[in-house]
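# Examining the three-dimensional arrangement
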Amino acid sequence: MLHFPGHGHRREPDDVVIGPLDLAARVDEALAVQAIAFGLGADEVAVRRQIVVRHMTYPGARALGATVAGNLVGFVYGMPNDRTHWWSTVVEPYLRAQGHDHWLDDSFVITELHVHPHHQNHGIGRTLITTITDGATEPRSILSAIDVDSPARGLYRSLGYDDLARQVLFPSAPKPYAVMGAPLPLRRR
């Protein structure tokens, strides 16, 4: 478990605890954070609930949570990449067109990383992603993020992630994504 002093805007700071998360058991709490952070509606949350629960049965899938007073305020989960998984089948042609499809092999994929907006910009996301990738046995990590300049993309770049493919279109996603990759361990400040 990692403990770091709070960042609350009240007189008493919130203490954040980062540690292993039984994501299947706390999926509704995690998706509530994701819905607020990512702007998801109830229908999207229902679809993602099934996906998250299924992902957590995959070999090597792991999750970490950030809690304040026992309440989940952020989470990350990922797993060793498998080219047969849906995400890989969608991004593979884009990566191949850029000469980067080898990144799908021997990589730890960050499937989701979300921090509640009230707790963003305090190092929680950085700590979650560096901690989960520090436990990976793969030599590199890949992820996808909405293809716009954003704080999330800035965080990923600061950790060593580079764009491998841009304007990646996922079925039913309204915006294009970028696929990013970084050697492990991730860069520290």
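The numbering scheme is per chain: residues are counted from 1 as the chain's sequence reads. Only residues with pLDDT of at least 70 get local features here, since the model is predicted, and only at 80 or more are side-chain atom pairs given and counted; chain-wide, interface and lining totals rely on the full set of residues. Excluded from the side-chain calculation are hydrogens and water; included are all heavy atoms of the structure.

## With respect to the nonpolar core
For clarity, the threshold we go by: As used in this record, nonpolar core signifies buried Ala, Val, Leu, Ile, Met, Phe, Trp, Tyr and Cys residues forming a set joined through side-chain atoms within 4.5 Å. We call a residue buried when its accessible area falls under 20% of the maximum for its residue type, exposed when it is over 50%, and partly exposed in between, using a 1.4 Å probe and counting protein chains only. Starting at the N terminus, helices and strands are each numbered in turn, a helix being any DSSP run of H or I of at least four residues and a strand any DSSP run of E of at least two. Contacts: residue pairs with any heavy atoms within 4.5 Å of one another.
Judged by nonpolar contacts, the single largest core of 27 residues is most densely connected at Leu23, Tyr77, Trp87 and Val91. At the level of secondary structure, the elements contributing two or more residues to this core comprise α1 (27-38), β4 (71-80), α3 (86-97), β7 (162-168) and β8 (177-183). If we skip the residues at most four places from it in the chain, Val91 touches Leu104, Val168, Phe170 and Val179. Counting residues in each nonpolar core, the second largest holds 26 residues, with Leu64, Val115, Ala136 and Met180 among its members.

## Side note on the pattern of salt bridges
Under the convention used in this document: Here a salt bridge means any side-chain nitrogen of Lys or Arg lying within 4 Å of a carboxyl oxygen belonging to Asp or Glu.
The final tally for this structure, using the stated rule, is 12 salt bridges. A salt bridge links Glu29 to Arg26, with the nearest nitrogen and oxygen atoms 2.8 Å apart. On the basis of relative accessible area, Glu29 is assigned to the partly exposed category, the value being 35%. Put simply, Arg83 and Asp101 hold a salt bridge, and the shortest N to O gap is 3.8 Å. Separated by 18 residues along the polypeptide, Arg83 in the loop between β4 and α3 and Asp101 in the loop between α3 and β5 (107-115) bring together distant segments of the chain.

## Digging into α3
All buried positions along α3 are accounted for by Trp87, Ser88, Val90, Val91, Glu92 and Leu95. The elements touched by buried residues of α3 are β5, β6 (140-146), β7 and β8. Looking one or two residues past α3, Gly99 carries a phi angle of roughly 75°, positive in sign.

## Concerning the packing of α1 against helix α2 (residues 42-55)
The condition that has to hold: Axis lines are fitted through C-alpha atoms, for helices just across the contact stretch, and the angle between N-to-C directions can take any value from 0 to 180 degrees. In this scheme, roughly parallel covers angles under 35 degrees and roughly antiparallel covers those over 145, while 65 to 115 is roughly perpendicular and the rest are oblique. Throughout, a crossing is termed right-handed when the near helix is turned clockwise from the far one, and left-handed when it is turned anticlockwise from it by less than a right angle. Gly counts as polar in this scheme, as do all residues outside two lists: the nonpolar Ala, Val, Leu, Ile, Met, Phe, Trp, Tyr, Cys and Pro, and the charged Asp, Glu, Lys and Arg.
As a packed pair, α1 and α2 sit with axes 10 Å apart at the nearest point and diverge in direction by 130°. On the basis of their axis angle, the class for α1 and α2 is oblique. The handedness of the crossing between α1 and α2 is right-handed. For the pair α1 and α2, contact is made by Val27, Asp28, Leu31, Gln34, Ala35 and Phe38 and by Val45, Arg48, Arg49, Val52 and Val53, respectively. Its residues placed into classes, the contact of α1 with α2 shows seven nonpolar, one polar and three charged.

## Some details on the pairing of β6
The condition that has to hold: At least two bridges found by DSSP between two strands are what make those strands a pair.
For β6, the tally of buried residues reaches five of seven residues, placing the bulk of the element in the interior. As defined by bridge partners, β5 adjoins β6 across three bridges and the pair is classed as parallel. In the strand pairing of β6, Phe108 is matched with Ser141. In the sheet, β6 pairs with β8 via seven bridges, with the strands oriented antiparallel. Its bridge partner being in β8, Ser141 is matched across the sheet by Ala182.

## What about the packing of aromatic side chains?
Short version of the rule: Between the rings of Phe, Tyr and Trp (Trp by its six-membered ring), a pair exists once the centres lie within 6.5 Å; its type follows the angle of the planes, with under 30 degrees stacked, over 60 edge-to-face, and the other angles tilted.
Evaluation of the coordinates by the stated rule reveals three aromatic pairs. Look at Tyr156 and Tyr161: their rings are 5.9 Å apart centre to centre, the planes differ by 65°, and that puts the pair in the edge-to-face class. Given a relative accessible area of 8%, Tyr156 falls into the buried group. We classify Tyr161 as buried; its relative accessible area is 0%. Pairing Phe170 with Tyr177 gives two aromatic rings, centres 5.2 Å apart and planes at 90°, and the pair type is edge-to-face. You can call Phe170 buried: its relative accessible area is 10%. Here Tyr177 falls in the buried class, since its relative accessible area comes to 13%.

None of this, on its own, says anything about what the molecule does.
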